[in-house]
Amino acid sequence: MNLTHRHFALDIEALAKSEKAIITAISCTYFDFANDTRTYEQILDNTFFTKIKMKDQADRYGRVTDKDTMDWWKKQPHEAKVNSIVPHADDVTLDVALQQVKQYMKQHGYDFRNSYIWTRGIAYDCPKLESACRDTGISVFNSWKFRDSKTFYDIVVPESVNANFDLPDGNPDGFIKHHAKHDVALDVYKMLYLFNQA
């Protein structure tokens, strides 16, 4: 792996486990392993985030929800629901969201051939993102370059169990769990922290 190339990380929130799940929010941030010394707050400040219209995805693309996921969301804190699944006036359509992600990545040095795309686990985010690209006809990612931060944690931290790695001082102040922008920024910050400790 070339550590000098620009890397990106993505996180989504969704309403089903299926690859055809309605995606409610998407976030993307950039980093590189070679010389990225930013704080969590600096990463967060430079992270793209948007919420996505839900009904439009069902109507236009036949994207779906499932009962288990909807029941799970009902049990989450109010703040998480507001940031992830409660509709907002400035939510955008799925095609617009993907175009915005594509533009953000281009602005921050995305190289289709060489940039890696990190997600927290391969099975959840990646199939939904690829399905969304097929539905909209918008090519955003080189799926051959998808990588998995959970595997990174398990390799770098031998005592890690199921990719559960906590920073020595805990999560940064202001971190909001199940907010795609905060989740992806923290994932990148953790990977950089571990890489720089090696």
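Residues numbered from 1 in each chain as written. Predicted model: local features only at pLDDT ≥ 70, side-chain atom pairs only at ≥ 80, totals over all residues. Heavy atoms only, no water.

Caption draft 1: Structural detail: the pattern of salt bridges. The tally for this structure, following the rule as stated, stands at twelve salt bridges. As a salt-bridge pair, Asp135 and Arg63 come within 2.6 Å of each other at their nearest N and O atoms. Within this pair, whereas Asp135 is found in helix α6 (residues 125-136), its partner Arg63 is found in the loop between α2 (54-61) and α3 (67-74), the two being separated by 72 residues in sequence. Among the residues examined, Asp135 registers a relative accessible area of 25% and is labelled partly exposed. Where salt bridges share partners, they join Lys20, Arg63 and Asp135 into one cluster. (Salt bridge = Lys/Arg side-chain N within 4 Å of Asp/Glu carboxyl O. Helix = DSSP H or I, 4+ residues; strand = E, 2+ residues; numbered from the N terminus. Buried < 20%, exposed > 50% of the residue type's maximum accessible area, 1.4 Å probe, protein only.)

Caption draft 2: Main features of the sheet that holds strand β5 (residues 146-148). Overall, mixed pairing links the five strands, which are arranged β3-β2-β1-β4-β5 in an open sheet. Across the chains shown, the open sheet's two edge strands, defined by having one partner strand only, are β3 (48-51) and β5. Averaged over all neighbouring strand pairs, the angle between strand axes comes to 25°, with direction disregarded. Two elements, strand β1 (residues 7-14) and strand β2 (residues 23-31), share eight bridges in a ladder whose sense is antiparallel. Bridging from a neighbouring strand, Ala14 pairs with Ile23 of β2. Seen against the sheet, helix α7 (residues 149-156) touches β4 (117-119) and β5 and runs at an angle of roughly 45° to β5. (Pairing = 2+ DSSP bridges. Axes fitted to C-alpha atoms, helices over the stretch in contact; angles between N-to-C directions. Contact = heavy atoms within 4.5 Å.)

Caption draft 3: Structural detail: α2. For α2, every residue scored as buried is listed here: Met54, Gln57 and Tyr61. Taken around the axis of α2, the buried residues stretch over an arc of 75°, which confines them to a single face. Residues of α2 that are exposed and angled more than 90 degrees away from the buried face: Lys55 and Asp59. Residues of α2 that are buried sit in contact with β2, α5 (94-107) and α6. Immediately beyond the C-terminal end of α2, within one or two residues, lies Gly62, with a positive phi of roughly 70°. (Arc of directions from axis to C-beta.)

Caption draft 4: Highlighting the side chain of Asp66. Positionally, Asp66 belongs in the loop between α2 and α3. The buried charged residue Asp66 lacks any salt bridge partner; its closest oppositely charged side chain belongs to Lys17, at an N-O distance of 4.1 Å. Residue contacts for Asp66: discarding those within four places in its chain leaves Leu15, Ala16 and Lys17. (Lys, Arg positive; Asp, Glu negative; His and termini not counted.)

Caption draft 5: Molecular detail of the packing of α7 against helix α8 (residues 180-197). Their axes nearest at 11 Å, the elements α7 and α8 cross at an angle of 30°. One element, α7, and the other, α8, form an angle in the roughly parallel class. The hand of the α7/α8 crossing is left-handed. Counting all contacts with α7, which are made through Ser149, Phe152, Tyr153 and Val156, the residues of α8 involved are Asp187, Lys190, Met191, Leu194 and Phe195. Taken together, the residues of the contact of α7 with α8 break down into six nonpolar, one polar and two charged. (Parallel < 35°, antiparallel > 145°, perpendicular 65-115°, else oblique. Left-handed = near helix turned anticlockwise from the far one by under 90°. Nonpolar A, V, L, I, M, F, W, Y, C, P; charged D, E, K, R; others polar.)

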